[in-house]
Amino acid sequence: RPWPALALVASSTLLLLACRNESPEALIASARAYEAKGDHKGAIIQLRNALQQNPADGEVRLLLGRASLQTGDPVSAQRELRKALEYGQSPEVVLPPLARAMLEQGEAAKLVSEFGDRKLTDIDAEASLRSSVGHAQLQLQKFGDAKASFSAATALKPDYLPARLGSARLMAAANRIDDANKLIDAIVAAHPKAAEALALQSDLRLLGGDRAGANTSLE
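About the cut-offs
Think of each chain on its own: its residues are numbered from 1, step by step along the sequence as written. Given that the model is predicted, a residue must reach a pLDDT of at least 70 before its local features are reported, and side-chain atom pairs must reach 80 or more before they are shown or counted; all residues, however, enter totals for whole chains, interfaces and linings. With hydrogens and water set aside, each side-chain value is computed from the structure's full complement of heavy atoms. Strands here mean DSSP runs of E at least two residues long; helices mean DSSP runs of H or I at least four residues long; both are numbered from the N terminus. A contact between two residues is defined here by any heavy atoms of the two lying within 4.5 Å. Whether a set of points on the 1 Å grid over the protein atoms alone is a cavity depends on a 1.4 Å probe fitting there but being unable to get out, while an open set qualifies as a pocket with protein on both sides within 12 Å along at least five of seven lines; lining residues are those with an atom within 4 Å of a point. Grid points are joined across faces, edges and corners, and a volume is the space filled by probe spheres set on the points. Take the residue count of a helix, subtract one, and multiply by 1.5 Å to get its expected span. In what follows, salt bridge is the name for a side-chain nitrogen of Lys or Arg lying within 4 Å of a carboxyl oxygen of Asp or Glu. Structural elements are reduced to axes, namely lines fitted to C-alpha atoms, with helices fitted over the stretch in contact, and the angle between N-to-C directions of any two is expressed from 0 to 180 degrees. It is the rotation of the near helix from the far one that decides the hand of a crossing: anticlockwise by less than a right angle makes it left-handed, clockwise makes it right-handed. For this scheme, ten residues count as nonpolar: Ala, Val, Leu, Ile, Met, Phe, Trp, Tyr, Cys and Pro. Four count as charged, namely Asp, Glu, Lys and Arg, and the remainder, Gly too, count as polar.

Asks: What should I look at first to understand the side chain of Q78 in this one?
Replies: Mapping Q78 onto the fold places it in helix 5 (residues 74–86). Those residues in contact with Q78 that sit more than four places away from it in its chain are L98, A101, M102, Q105, E107 and K110.

This is the structure we're talking about:
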């Protein structure tokens, strides 16, 4: 009975040694291949191996932060993304996922204080950052500021999902349930596989007394 376990330990050790013998470039390429397949945990393993060889690699820190965010670990994501900034990665690529990591940790006030007035030149990056700031302002019940942030995001990208979801939540917070339902129905029609949109649609239908519709959205 010990032999299968010993064989597993041996194979794992050989794999670890093989990873250590790979160049950082090869490990990064492998991590990107894992990401392309949706295997974020596999990517994280390769990126950590790459960091062992060069802890000051900003690109690896950036990729590791993004992958950590995908696996539901915003704490690690924020740590790595801040390191990516420290090691020379552009704010254009770092701040959008960093803002999301902060938002997922409930750091709404810190997010607004740190990045509320920050502007990015890339359209996609700025739309993402404005949306995250808007959601933080919504959590802080700064409804006018949130509306302005979501409007700024949709002005850049009219069908940007996070901003439109924020607008629907803002309508619901203002007790405009009918308007919120109309908007979320339009969002779901445009993004029928967006789980977050369907979950919000369920919440809004439940607020309107439509239990059957709420269950359908959840399913």
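Asks: Which parts of the structure should I look at to understand the layout of surface pockets?
Replies: In this approach, a probe sized like a water molecule rolls over the atoms, and the result shows the empty space that is left. Empty space within the largest pocket amounts to approximately 580 Å³. Contributions of two or more residues to the lining of the largest pocket are made by helix 4 (58–70), helix 6 (91–104), helix 8 (123–139) and helix 10 (161–173). Residue contributions to the lining of the largest pocket peak at 7 residues, all from helix 6.

Asks: Just to check I follow, could you spell out helix 5 for this structure?
Replies: For an α-helix the count is 3.6 residues per turn, leaving residues at separations of three or four pointing the same way. The first and last C-alpha atoms of helix 5 sit 18 Å apart over 13 residues, in line with the 18 Å expected at 1.5 Å per residue. Packed against the buried residues of helix 5 are helix 3 (40–53), helix 4, helix 6 and helix 7 (108–115). Note on helix 5: the residue one or two positions beyond its end, G88, has a positive phi of about 95 degrees.

Asks: So what exactly am I meant to see when it comes to the pattern of salt bridges here?
Replies: Pairing between side chains of opposite charge can happen when their charged atoms approach one another. Taken as a whole and assessed by the stated rule, the structure comprises 10 salt bridges. Of the charged contacts, one joins K157 and D124 as a salt bridge, the two residues approaching to 3.0 Å between their closest N and O atoms. Note that K157 is positioned in the loop between helix 9 (143–156) and helix 10 and D124 in helix 8, a separation of 33 residues in sequence. When salt bridges that share partners are traced, they join R61, R79 and E80 into one network.

Asks: I tried to follow the packing of helix 4 against helix 6 on my own but got confused; where do I start?
Replies: Two measures define how a pair of helices packs: the angle their axes make with one another and the distance between the axes. For the pair helix 4 and helix 6, interaxial distance at closest approach is 10 Å and the crossing angle is 35 degrees. Like other packed secondary-structure pairs, helix 4 and helix 6 cross with a definite hand, here left-handed. Residue-level contacts link L62, R66 and L69 of helix 4 to V93, V94, P97, R100, A101 and E104 of helix 6. Its residues assigned to classes, the contact of helix 4 with helix 6 comprises 6 nonpolar, no polar and 3 charged.

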